Amino acid sequence: MSSFMDIKAWQFAHQFVIDVYRLTREFPDTERFGLCSQFQRAAVSIAANIAEGYKKLSKADKLRFFNISQGSLEECRYYVLLSKDLSYINDDSYDSLNAEIEKVSWYINAYCKGIINNSGIAD
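Q: Explain the side chain of T24 to me, please; I cannot follow it from the model alone.
A: With respect to the helices and strands, T24 occurs in helix α1 (residues 8-24). Within the structure, T24 has its side chain in polar contact with the side chain of Q40 (distance 2.8 Å). Residues contacting T24, with those up to four places away along its chain left out, are C36, F39 and Q40.

Listed below in structure tokens is the structure:
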């Protein structure tokens, strides 16, 4: 039996969530209920919406949830930039997180194309 955990987009999104949590542990305490919370919630939303969309029956429902994932991904892209500009992360972390964002985005897009083309489940 397959599950959302078999989807490459979800696997990479889940790793991104873990990386965001690890990274935001190092942010100033003053950001605990600000940037840290927003960043973590947006990151979780990416993987959670992939998981939720996986079990939707209609193409439209599936695509809606994957579109929400992409929106959360773009929100995280901004939080990565903001974190760098506030000197909460260094250039290496910035580059690494952006590379993860690009990878997740590519896989979500590929999965959506598979749904649109009715070619079954695309990893």
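Q: Mind showing me how you'd approach the side chain of Q40 here?
A: On the secondary structure map, Q40 appears in helix α2 (residues 35-54). Beyond its immediate chain neighbours, meaning those up to four positions away, Q40 contacts V20, Y21 and T24.

Q: I'm lost on the packing of helix α3 (residues 59-85) against helix α4 (residues 91-116) in this one. Help?
A: The geometry of a pair of packed helices is captured by two quantities: the angle between their axes and the separation between those axes. Two elements in contact, α3 and α4, have axes separated by 10 Å at closest approach and are oriented at 170 degrees. Here α3 is positioned roughly antiparallel relative to α4, judged by the angle of their axes. For the contact of α3 with α4, the per-class residue count stands at 15 nonpolar, five polar and six charged.

Parameters at a glance
- Residues numbered from 1 in each chain as written.
- Predicted model: local features only at pLDDT ≥ 70, side-chain atom pairs only at ≥ 80, totals over all residues.
- Heavy atoms only, no water.
- Helix = DSSP H or I, 4+ residues; strand = E, 2+ residues; numbered from the N terminus.
- Polar contact = N/O pair within 3.5 Å; in protein donor to acceptor, adjacent residues only side chain to side chain.
- Contact = heavy atoms within 4.5 Å.
- Axes fitted to C-alpha atoms, helices over the stretch in contact; angles between N-to-C directions.
- Parallel < 35°, antiparallel > 145°, perpendicular 65-115°, else oblique.
- Nonpolar A, V, L, I, M, F, W, Y, C, P; charged D, E, K, R; others polar.

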